[in-house]
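Coordinate analysis (summary)
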Amino acid sequence: MKNIAVIGSGTMGNGIAHTFAQFGFPVVLIDINDEALERGLATITKNLDRQVAKGTITAEEKANTLQNISKSTQMRTGVVEADLIVEAATEYLDLKLKIFTDLDAYAKADAILASNTSSISITQIAAATNRGHQVIGMHFMNPVPVMKLVEVIRGYATSEETTAAVMALSNALGKTPVEVNDYPGFVANRILMPMINEAIYTLFEGVAGVSEIDTVMKLGMAHPMGPLQLADFIGLDVCLAILNVLHDGFGNPKYAPCPLLVNMVMAGKKGIKSGEGFYDYSNGVKDAKLAAKFRI
């Protein structure tokens, strides 16, 4: 596989495009308008500048990475030469099904279609195409250029050849691919989201405050950040969507999202992306403070 297309230039999409381009792959970054693409490219440039400042890449490598990325607002023309297309759109089932139906029509016959979904069934996504054996999950972790894991999810129809190709490609990106089967939440979020949900319940039930819960998990369990801070980082709306997938998929009440999480999302408090969640980010991520709602 040589040519890559990435659908979606948001946090995950621009990180995926950045990573492929840094490892020498020509990438077409696709989104619905030029404004979204410019934001995505600005983020890639900023992150490359950070890498240069840290000495992890050279200025020449930065320039080569940016040169490897082109942009398009038209899916039909943007994917026509792609050997691999990675969908990194918003985590909504109907949107993903529409994208994969279109990709099946526009992409060349031997192209692999991958989704960066963190919880939605690859089997269900593949059913929107006529090439289920070439549909697979590539769940990158955020921030993509830094995090080593790629969860490679095999749908019911995903072939051995497709899986082997994606595992090899992930290794070529300096990642560690882990093959998992297609069940709600896969591995990462099936384990992570119940922990985050339980932390929110612990706050909701008055057991401890936000900073106390996060401190216990950081100092007691050696987590790099506490579960409530991590939820803000992921996006509370994303956490809610994943928990709903788990709850619907397994029919088990242990996955039911905490009412506090539901209320926060309805109130528009989605974490870093909205400027407030369990913490207040009005002074920037590095100077976060407890949200007013949770100050004692």
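Structure: above.
All figures in this text were calculated on a predicted structure; none of them were measured in a lab. (Residues numbered from 1 in each chain as written. Predicted model: local features only at pLDDT ≥ 70, side-chain atom pairs only at ≥ 80, totals over all residues. Heavy atoms only, no water.)

A separate point is the pairing of strand β2 (residues 27–30). As paired elements, strand β1 (residues 4–7) and β2 share 4 bridges and run parallel to each other. Each residue of the ladder has a partner; that of I4, found in β2, is V27. Remark: the β1/helix α1 (residues 11–22)/β2 crossover connection has right-handed handedness. Bridge count between β2 and strand β3 (residues 69–72): 4 bridges; the pairing is parallel. (Pairing = 2+ DSSP bridges. Helix = DSSP H or I, 4+ residues; strand = E, 2+ residues; numbered from the N terminus. Right-handed = clockwise from strand over helix to strand, strands pointing away.)

In this section: the packing of aromatic side chains. What describes a pair of aromatic rings is the distance from one ring centre to the other and the angle between the planes of the rings. This structure, assessed with the given rule, holds 5 aromatic pairs. A ring pair is formed by Y201 and F204, whose centres lie 6.3 Å apart and whose planes are at 70°; its orientation type is edge-to-face. Pair noted here: Y201 and F204 are both in helix α8 (residues 188–204), with a separation of 3 residues, about one helical turn. Overall, Y201 belongs to the partly exposed group, its relative accessible area being 22%. (Phe/Tyr/Trp six-rings, centres within 6.5 Å; stacked < 30°, edge-to-face > 60°. Buried < 20%, exposed > 50% of the residue type's maximum accessible area, 1.4 Å probe, protein only.)

For the rest of this paragraph, the subject is the sheet that holds strand β4 (residues 84–87). Strand order in the open sheet made by the 8 strands is β3-β2-β1-β4-β5-β6-β7-β8, with mixed pairing throughout. Edge positions in the sheet fall to β3 and β8 (176–181), since each of these pairs with one other strand and no more. The average angle at which neighbouring strand axes cross in this sheet is 25°, direction not considered. On the sheet, α1 packs against β1, β2, β3, β4 and β6 (135–140) and is oriented at approximately 170° with respect to β2. (Axes fitted to C-alpha atoms, helices over the stretch in contact; angles between N-to-C directions. Contact = heavy atoms within 4.5 Å.)

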